[in-house]
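Remarks on the overall topology
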Amino acid sequence: MPPIPTWRLRAAFARRLSDMYGTEVPAYTTLLEVAGQINDEVARRDPDAGRLGSIDRVTAERHGAIRVGTPAELRQAAQVFAALGMHPVGFYDLRDGDIGAVPVVSTAFRPTDPTELDRNPFRVFTSLLTTGDRRFFDADLEARLTAFLARRRLFPPELLRLAERAERDAGLSEADAERFLVLAVGAFTLSTEPVDRAWYAELERISAVAADIGGVTRTHVNHLTPRVLDIDALYRRMGERGITMIDRIQGPPRWGGPDVLLRQTSFRALAEPRTFREPDGRLTRGSLRVRFGEVEARGIALTPAGRARYDALMAQPEPQAADRGQALCARWEREFPRTERQLAVDGLAFFAYHPVADRPRDGHRPPADLAGLLADGWLTATPLVYEDFLPRSAAGIFHSNLTGDGTRDPRRAGTPFDAHRLAAALDRPVLDPFALYAAQQDDSLRRALTTLRADAALHALDAPAGHRPTRP
Ligand code: OOG
Ligand code: NI
């Protein structure tokens, strides 16, 4: 094993990227401070605070968002993330959302192994500009975009070489790791190169996201998101600190039942100084608003059936603004299981199952169904954390920070895009998040049942003939 294994590279990268982003976007540092305070408070008052991830994991936990312009750039980003043990999971199409369409398709690079997630769950939501989508770009603009993107280089060859080595060897030597980290963080640092005013403005008329991707010569972190254990408290406290948040928390409402999936909120993009090249060649100072701060609370991963229930709930009309929170809460109390146990028994959420340490070992046969195994104290169910994103929330996050609505011609057909096509562009498989959770759950359940059966078999051996326990 190389001196700096994959997970250490990932943890170091996440930390350095976070430090770098804090110098670029000071409000992010405030967000980290407040999130840290709240996590400490929750850890002190709630003995169950670590139920969805140890406090160490949650404190270090971040997701980032980046945006790239071409399949080649996406493949290179994937190579850098592969060095960090982060693999493409999930396919998100944000081009025809009802909340405001953005000309991108996305995936999330993240660790997939439970041990790796516990060590450091860093993930990056990564979006690819769909330059061929005629609803957004006509043939002439597509051609000019393609030419512009072909001229730029986001990742230096030395970085990509080191990334390949890190992926192949599952880590790097100390010296190589240092060089890799410096180059990798550098690749996501805001560029000081002048922005071509007319070109940027032309793309911005289509979509602010298109301009952020294709209007500049480099890429950068769009936002970094810490995880917080009480997002409602965080929302209030940021307001008290004078930072205006968007008008809501996206995702499930605050309610009395289990936390599921993902709740997110953000503050508006801040004006950042940039240098512009004007049409007459002069350099001027100006500013752009594209980068913002976001924070999230994570809950239990839902099965496809659970997710369908969630989607149906979210598709219902919004309650009146005045008592929106209360009305949503009441709706959930009525229509969603109120306990983790019920979610498990109904097959709506994913859990890891373990034999209870002091389970009955008197030769009693365990019941054959999950409900009985849980109710009678044979198995415990530990919720699996939702490690992914929500397309509706992502669209909301994009949209809340767009300067204008952009333009999309709904009469034209979009380029078809799906996980397979994204995998082809990446030249790597795009993993299905549900399959990952299901594999982890099934694996735990299989082991747990094997242990229970071994108990019963052992007891059968011990028991003298004629004294075998009778079964109901
Ligand atoms: C990505 C928006 C999606 C999230 O947390 O849902 C996202 C972006 O703005 O590039 O980060
Ligand atoms: Ni985000």
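Up top is the structure.
A brief report on the enclosed structure follows. Just so you know, these numbers come straight off a predicted model, no measurement behind them. (Residues numbered from 1 in each chain as written. Chains lettered and ligands numbered in written order. Predicted model: local features only at pLDDT ≥ 70, side-chain atom pairs only at ≥ 80, totals over all residues. Heavy atoms only, no water.)

**Examining the sheet that holds strand β10 (residues 271-277)**
Put simply, the rule reads: For two strands to be treated as a pair, DSSP must find at least two bridges joining them. Secondary structure elements are defined from DSSP: runs of H or I of at least 4 residues count as helices, runs of E of at least 2 residues count as strands, and each element is numbered from the N terminus.
Taking strand neighbours across the sheet as the criterion, the three strands line up as β7-β10-β11 in an open arrangement whose pairing is mixed. Pairing within the sheet leaves two strands with one partner each, and these edge strands are β7 (195-196) and β11 (283-289). With seven bridges connecting them, β10 and β11 associate as antiparallel partners. Counted as the bridge partner of proline 273 is serine 287 from β11.

**Quick word on the side chain of arginine 67**
The line we're drawing: Per-residue accessibility, obtained with a 1.4 Å probe over protein chains only, is compared with the maximum for each type, and a residue is labelled buried under 20%, exposed over 50%, and partly exposed between these values. Whenever two N or O atoms come within 3.5 Å, that pair is a polar contact, provided that in protein one can donate a hydrogen and the other can accept it, and provided that, for residues adjacent in sequence, both atoms are side-chain atoms.
Within the element layout of this structure, arginine 67 appears in strand β2 (residues 62-68). Taking relative accessible area as the criterion, arginine 67 reaches 10% and is therefore assigned buried. Among the polar contacts made by the side chain of arginine 67, one reaches the side chain of aspartate 212 at a distance of 2.8 Å.

**What to know about unusual backbone geometry**
Positive phi, normally seen in glycine, also occurs at alanine 170, with a value near 60°. Note that alanine 170 resides in the loop between α7 (157-169) and β6 (171-172). Classification of alanine 170 as partly exposed rests on a relative accessible area of 33%. The phi angle at aspartate 427 is positive, at roughly 60°, despite the residue not being glycine. Here aspartate 427 falls in the exposed class, since its relative accessible area comes to 63%.

**Quick word on the sheet that holds β2**
Put simply, the test is: Every axis corresponds to a line fitted to the C-alpha atoms, with the helix fit spanning only the stretch in contact, and the corresponding angles, defined between N-to-C directions, vary from 0 to 180 degrees.
The strand order across the open sheet built from five strands is β3-β4-β5-β2-β8, with neighbouring strands paired in mixed fashion. On the outer flanks of this sheet lie β3 (87-93) and β8 (223-226), each paired with one strand and no other. On average, each strand axis in the sheet is inclined to that of its neighbour by 20°, with strand direction left out of account. Here strand β4 (residues 104-110) pairs with strand β5 (residues 123-129) via six bridges, running antiparallel.

**Some points on the packing of helix α12 (residues 304-315) against helix α13 (residues 324-335)**
Applicable threshold: In this scheme the handedness of a crossing depends on how the near helix is turned from the far one: anticlockwise by less than a right angle means left-handed, clockwise means right-handed. Any pair of residues with heavy atoms lying within 4.5 Å of one another is described as a contacting pair.
Two numbers describe how α12 lies on α13: the axes approach to 11 Å, and their chain directions differ by 145°. Read as a crossing pair, α12 and α13 show a hand that is right-handed. In this structure, α12 contributes Arg309, Tyr310, Leu313 and Met314 to the contact, and α13 contributes Arg331, Trp332 and Glu335.

**Overview of the pattern of salt bridges**
The condition is simple: Salt bridge criterion: a side-chain nitrogen from Lys or Arg within 4 Å of a carboxyl oxygen from Asp or Glu.
Tallied over the full model, the rule gives 43 salt bridges. Aspartate 230 is the partner of arginine 254 in a salt bridge, and the nearest nitrogen-oxygen pair spans 3.6 Å. Taken as a pair, arginine 254 in the loop between α11 (231-240) and β9 (262-267) and aspartate 230 in the loop between β8 and α11 lie far apart in primary sequence, 24 residues in all. When its relative accessible area of 11% is taken as the criterion, aspartate 230 is described as buried. A salt bridge links aspartate 232 to arginine 254; its shortest N-O distance comes to 2.4 Å. With aspartate 232 in helix α11 and arginine 254 in the loop between α11 and β9, the pair connects residues that are 22 residues apart, well separated along the chain. For arginine 254, a relative accessible area of 49% gives the class partly exposed. Put simply, Arg57, Glu61, Arg123, Arg227, Glu296, Arg298 and Glu387 are held in one network by salt bridges that share partners.

**Thoughts on the site of ligand 1**
What counts here: Residues are labelled near a given molecule or strand when at least one of their non-hydrogen atoms is within 4 Å of it. All accessibility values rest on the Shrake-Rupley procedure with a 1.4 Å probe; residue burial counts only the protein chains present in the view. When residues are grouped by polarity, Ala, Val, Leu, Ile, Met, Phe, Trp, Tyr, Cys and Pro land in nonpolar, Asp, Glu, Lys and Arg in charged, and all others, Gly among them, in polar.
The local shell around ligand 1 consists of His63, Ala65, Arg67, Phe125, Asn222, His223, Gln264, Glu294, Phe389, Ala394 and Phe398. In the model, an oxygen atom of ligand 1 is placed 2.8 Å from a nitrogen or oxygen of the arginine 67 side chain. Here glutamate 294 contributes a side-chain N or O atom positioned 2.9 Å from an oxygen atom of ligand 1. Across the complex, the protein chains shield 100% of the 320 Å² of accessible surface that ligand 1 would expose by itself. Considering every element that reaches the shell around ligand 1, the biggest residue donor is β2, with three residues. For the shell around ligand 1, the class distribution of residues is five nonpolar, four polar and two charged.

**Some points on the environment of arginine 95**
Residue position: arginine 95 is located in the loop between β3 and β4. Sequence separation between arginine 95 and leucine 129 is 34 residues, and the spatial gap between their C-alpha atoms is 10.0 Å. Among the polar contacts made by the side chain of arginine 95, one reaches the side chain of aspartate 93 at a distance of 2.9 Å. A polar atom in the side chain of arginine 95 sits 2.9 Å from the side chain of aspartate 133.

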